[in-house]
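# Structural overview for review
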Amino acid sequence: MKSAVSTVRTRQTQRPVTVPIMEFEDKAVRTQVLEKWQRVLDLVTQIFDVPSALVMRLHEKEIEVFAKSQAQGNPYHVHEKAPLGSGLYCETVVGTDRVLEVIDSLSDKVWQDNPDVELNMISYLGYPLKWPDGQFFGTLCVLDSRPREFTRRYKDLLNELCLALEKDLALIMQNLALQNSLSVLHRTQDQVIELEKSKLSTELISCIAHEINTPLGIAITTASVIEHLLKSSLQEAGNSEVQDKLQEGIELLNRNLQKAANLIGSYKQVIAEQGRGVLEKVNLSDYLHSIFTSMKHELGAANVKYSIDCPPEFILKTYPGLLTQVITILISNSLKHGFVGQPGGTIQVSAAQAKKTDGTDILFLDYCDSGVGIPKASVDAIFSPLFSAEGQSNHAGMGLSIARSLLENALAGSIRCECQGTNNGARFILTLPLLQ
């Protein structure tokens, strides 16, 4: 559903009047109310003793018969449309936002050339029909082929029926809003699931790479030392046959160890490049909130609160999957390292826009936590692969290296650490180009 406007013409003034309307998917409304409204209109024709009872729907440039009574002699057809500006009865009802009664259009100079007269509909009683927010749906009206002055009882009845129809419209709007919320919830749920899969994949590959890379490095060093010792020993012994076999075995060992090392490098590349996805525009405020919401359990378990300062109209064109990994890495690092041994803390993210010297727009994301901070001596090293802080050798040490690789290689941005030593929290400044 979306808001729009219609321009109608009232008979008395002949002036155009602009009114707000609600455009909606026709099927969504018809399936919920058409049968009920049909019975109401049929009952109205019997009680009022008229050939025609209608619910009219207003469009931007025309008015449509949305529902009609099935009485004999009704000249109107469902889906029949007439252009706005022709001076129909219903246009005046909408344009004045008031009840309209025409007793005999044939004897009324204002109405005698009304298009409905051609259908022999010469008397009319109509009420404006609205959505709960005040936007027009159209009208509820009755028409007769003879002069007719409707009594107060009939007017009160039609007014009550109009209120009942407006309650149906309110329920339809609530139902559509709930369906939209459910759709958003399902999309968010899918995004959270994909994010969790990405996090699990990244952490798993990182841990495997680290666990293999450490003993592999030791093995390569050991093989080199053995090769050196054996060469010295065999040269002294002078046994060329044994020397050749051992040399062959050492070369085979080195070749396979190097192959394994290259394989680990490939794993790192997979981590750095996974999840590129599609370049798309996102509302930055909603996007950041969705990331923190997906990590609500981890944040709650660590008693960590967060705040996001970002203009609600800020739109960023990026690869959401990659940027999600970067932000998730920063949050995970805060939880794993920043708040260790603390009863809780806070994470703050703020966004600002600026221009580079060449005139291009750039986004600054300022990420800060109130954790234990980072030693000044480690600030330059934390983005190195397999970096581990003192006393935390059980962690893979690939997170910030991956974040920097994603920002610099895939997102055309950068990241830097601006920490003031221990007990002062951690602060990271991210820059991203604002693509058009």
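What you see is a predicted model; the values in this text were computed from it and never measured.

### Let's talk about the pairing of strand β7 (residues 123–130)
Of all 8 residues in β7, 7 are buried, a share of seventy percent or more. Sheet topology places strand β6 (residues 100–102) next to β7; 3 bridges connect them, and they run antiparallel. Bridge pairing in β7 links Leu-100 to Gly-126. Here 8 bridges tie β7 to strand β8 (residues 136–144), and the two strands are oriented antiparallel to one another.

### Some remarks on a nonpolar patch on the surface
On the surface, a nonpolar cluster with roughly 230 Å² of combined accessible area is contributed by Leu-43, Ile-47 and Leu-157. Judged by relative accessible area, Ile-47 falls into the partly exposed class, the value being 39%.

### As for the side chain of Asp-168
Within the secondary structure layout, Asp-168 lies in helix α3 (residues 152–237). With relative accessibility at 9%, the residue Asp-168 sits in the buried group. A distance of 3.0 Å separates a polar atom in the side chain of Asp-168 from a polar atom in the side chain of Trp-37. Among residues more than four places away in sequence, those in contact with Asp-168 are Val-33, Lys-36 and Trp-37.

### Some points on the nonpolar core
Leu-284, Ile-331, Ile-347, Leu-363, Leu-365, Phe-428 and Leu-430 are the most contacted members of the largest nonpolar core, which has 47 residues in total. Elements with a minimum of two residues in this core: α5 (284–294), β10 (304–309), α7 (320–338), β12 (345–355), β13 (361–369), α8 (399–410), β15 (414–417) and β17 (426–433). Ranked by the residues each element gives to this core, the list is headed by α7, at 8 residues. When residues no more than four places from it in sequence are discounted, the contact partners of Leu-363 are Leu-284, Phe-314, Leu-316, Ala-351, Ala-352, Leu-430, Thr-431, Leu-432 and Leu-434. Core analysis: the second largest hydrophobic core is formed by 30 residues, Met-22, Val-44, Val-50 and Leu-129 among them.

### Some remarks on the packing of α7 against α8
Running from amino to carboxyl end, α7 crosses α8 at an angle of 155 degrees, the nearest separation of the two axes being 9 Å. When the axis of α7 is compared with that of α8, the two are roughly antiparallel. The two elements α7 and α8 meet at a crossing, and its hand is left-handed. Contacts between α7 and α8 involve Leu-322, Gln-325, Val-326, Ile-329, Leu-330 and Asn-333 from the first element and Gly-399, Leu-400, Ile-402, Ala-403, Leu-406, Leu-407 and Ala-410 from the second. Class assignment of the residues belonging to the contact of α7 with α8 gives a composition of 10 nonpolar, 3 polar and no charged.

### Topic: the environment of Leu-284
For Leu-284, the location among the structural elements is in helix α5. Classification of Leu-284 as buried rests on a relative accessible area of 0%. Put simply, Leu-284 and Pro-320 are 36 residues apart on the chain and 10.0 Å apart in space, counted from C-alpha to C-alpha. Ignoring anything within four residues of it in the chain, the contact list for Leu-284 reads Cys-310, Phe-314, Leu-316, Ala-351, Leu-363 and Leu-365.

### Looking at the packing of α5 against α7
Axis angle and axis distance: for two packed helices, these are the angle between their axes and the distance between the axes, and together they describe the pair. At a minimum axis separation of 10 Å, α5 and α7 run at an interaxial angle of 50 degrees. One finds that α5 runs oblique with respect to α7. Crossing geometry of α5 relative to α7 is assigned as right-handed. Contacts between α5 and α7 involve Tyr-287, Ile-291 and Phe-292 on the former and, on the latter, Pro-320, Leu-323, Thr-324, Ile-327, Thr-328 and Ile-331. Classifying every residue of the contact of α5 with α7 by side-chain character gives 7 nonpolar, 2 polar and no charged.

Scoring rules and cut-offs
Residues numbered from 1 in each chain as written. Predicted model: local features only at pLDDT ≥ 70, side-chain atom pairs only at ≥ 80, totals over all residues. Heavy atoms only, no water. Buried < 20%, exposed > 50% of the residue type's maximum accessible area, 1.4 Å probe, protein only. Helix = DSSP H or I, 4+ residues; strand = E, 2+ residues; numbered from the N terminus. Pairing = 2+ DSSP bridges. Patch = residues over 30% accessible without salt bridge, like charges linked within 9 Å, V, L, I, M, F, W, Y side chains within 5 Å. Areas by Shrake-Rupley, 256 points an atom, 1.4 Å probe, with all protein chains shown as cover. Salt bridge = Lys/Arg side-chain N within 4 Å of Asp/Glu carboxyl O. Polar contact = N/O pair within 3.5 Å; in protein donor to acceptor, adjacent residues only side chain to side chain. Contact = heavy atoms within 4.5 Å. Core = buried A, V, L, I, M, F, W, Y, C linked by side-chain atoms within 4.5 Å. Axes fitted to C-alpha atoms, helices over the stretch in contact; angles between N-to-C directions. Parallel < 35°, antiparallel > 145°, perpendicular 65-115°, else oblique. Left-handed = near helix turned anticlockwise from the far one by under 90°. Nonpolar A, V, L, I, M, F, W, Y, C, P; charged D, E, K, R; others polar.

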